[in-house]
Amino acid sequence: MSIDLHSHTTFSDGVLSPNALVQRASNNGVGVLAITDHDTVDAISDSLLSGNTIRLIAGIEFSTQWENTGVHVLGLNINHRSDAVSEGVRQQTAARLVRARKIAEKLEKKGVPDSFEGASAISAGHYIGRPHFARFLVDSGRVKNMREAFKKYLGDGKAGDIKKTWADLPQVIQWIRDANGIAVLAHPLKYKMTRTRLKRLLECFTRDGGQGMEVVSGKQIPQHTAAMAELCETYGLLASCGSDFHAPDTVWSEVGGFAPLPGHLTPVWERF
Ligand code: AMP
Ligand code: MN
Ligand code: MN
Ligand code: MN
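The shown structure was predicted, so the numbers you read here are calculated from the model rather than taken from an experiment. (Residues numbered from 1 in each chain as written. Chains lettered and ligands numbered in written order. Predicted model: local features only at pLDDT ≥ 70, side-chain atom pairs only at ≥ 80, totals over all residues. Heavy atoms only, no water.)

Enquirer: Lay out the overall build of the protein chain in plain terms, naming residues and giving numbers.
Expert: Counting its regular elements, the protein chain contains nine helices and seven strands. Here the protein chain has a C-alpha radius of gyration of 18 Å; the compact-globule value for 272 residues is 19 Å, and the two agree. If you line up the protein chain on its principal axes, its C-alpha atoms span 55 × 45 × 40 Å. Considering only intrachain contacts with a sequence separation of at least 6, the fraction spanning at least 24 residues in the protein chain is 70%. Here the protein chain contributes 31 positively and 29 negatively charged side chains, and the mean placements of these two sets differ by 7 Å. (Helix = DSSP H or I, 4+ residues; strand = E, 2+ residues; numbered from the N terminus. Rg over C-alpha atoms; globule rule 2.2 N^0.38 Å. Contact = heavy atoms within 4.5 Å. Lys, Arg positive; Asp, Glu negative; His and termini not counted. Charge placed at Lys NZ, Arg CZ, Asp CG, Glu CD.)

Enquirer: Residue-level account of the coordination of the manganese ion (ligand 2), with values.
Expert: Every protein donor of the manganese ion (ligand 2) is listed here as Asp13 (OD), Asp13 (OD), His38 (NE2) and His246 (NE2), and their distances to the metal cover 2.1 to 2.8 Å. Taken together, the six donor atoms coordinating the manganese ion (ligand 2) and their angles of 51 to 155° define a geometry best described as irregular. (Donors = N, O, S within 2.8 Å, 3.2 Å for Na, K, Ca; no water. Tetrahedral: all angles 85-135°; square planar, octahedral: opposite > 155°, others 65-115°.)

Enquirer: Account for helix α9 (residues 222-234), with residues named and values stated.
Expert: Look at α9: 18 Å from first C-alpha to last across 13 residues, which is about the 18 Å you get at 1.5 Å a residue. Of all the residues in α9, the buried ones are Thr225, Met228, Ala229, Leu231 and Cys232. Projected onto a plane normal to the axis of α9, the buried residues spread over an arc of 165° and lie on a single side. Opposite the buried face of α9, by more than 90 degrees, sit the exposed residues Gln223 and Thr234. Buried residues belonging to α9 abut α8 (195-207), β6 (212-217) and β7 (238-242). Looking one or two places after α9, you find glycine 236, whose phi comes out positive at around 60°. (Expected span 1.5 Å × (residues − 1). Buried < 20%, exposed > 50% of the residue type's maximum accessible area, 1.4 Å probe, protein only. Arc of directions from axis to C-beta.)

What follows is the structure, given as structure tokens:
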């Protein structure tokens, strides 16, 4: 039985419904699964929580920025009906809408008109993010695939990379703690920071009340796991692991598909 504490559904940018995700996790031998959609808890319902053979953990993945880098913080084992989560979701949803308008303005200047309307139609009325703009760029034939859309238009430093959108790091950590959840820094390696800068981030994160970090995020090389484990110990954080599953056919982030946490760390689920 494995434990996967990071996954997405159709309620954010995943492609499986909550039920299909849980079924896939179960088939893959996952015994505990956290659903952590971006800035929303809409996937988490009473029927989903009660009607399953595997243990489901209510979660969320909040977007924030730290020193101009987009950073993600997981809230694990949250009370998804708390006022704190409602307020967090409300603010982040509003921020997403403002950001989407700004992305569209920037794309317009790059010669891509009507992307707000295009991305909105694809998002079908809830949760709008860069993947919807990427899909629009693919569908309208401007790029070959999602990857190219991020590389040319939406990724780090590109037109659609809008800074200062989100609630700040102390605020998202506070929402999670107020919802009785555990704040976990998501996929630290994804930010492509130098080790010195990542240590500064971890200092801020722990000082602001962050409690854990993802030591294992999907399939990663053993050297990366060792490096993250060392930082996890240094900062006295709880260790988490998850696939960051979004879609089938992505071998590096299959639900339940990653190496176990190093045994000497304190797993975050001991506090659930
Ligand atoms: P947003 O939350 O709107 O900033 O969108 C970020 C999401 O876009 C991430 O959670 C990923 O799922 C997805 N994403 C980021 N980079 C890429 C990429 N290069 N190719 C495809 N999807 C990406
Ligand atoms: Mn995503
Ligand atoms: Mn993320
Ligand atoms: Mn994620």
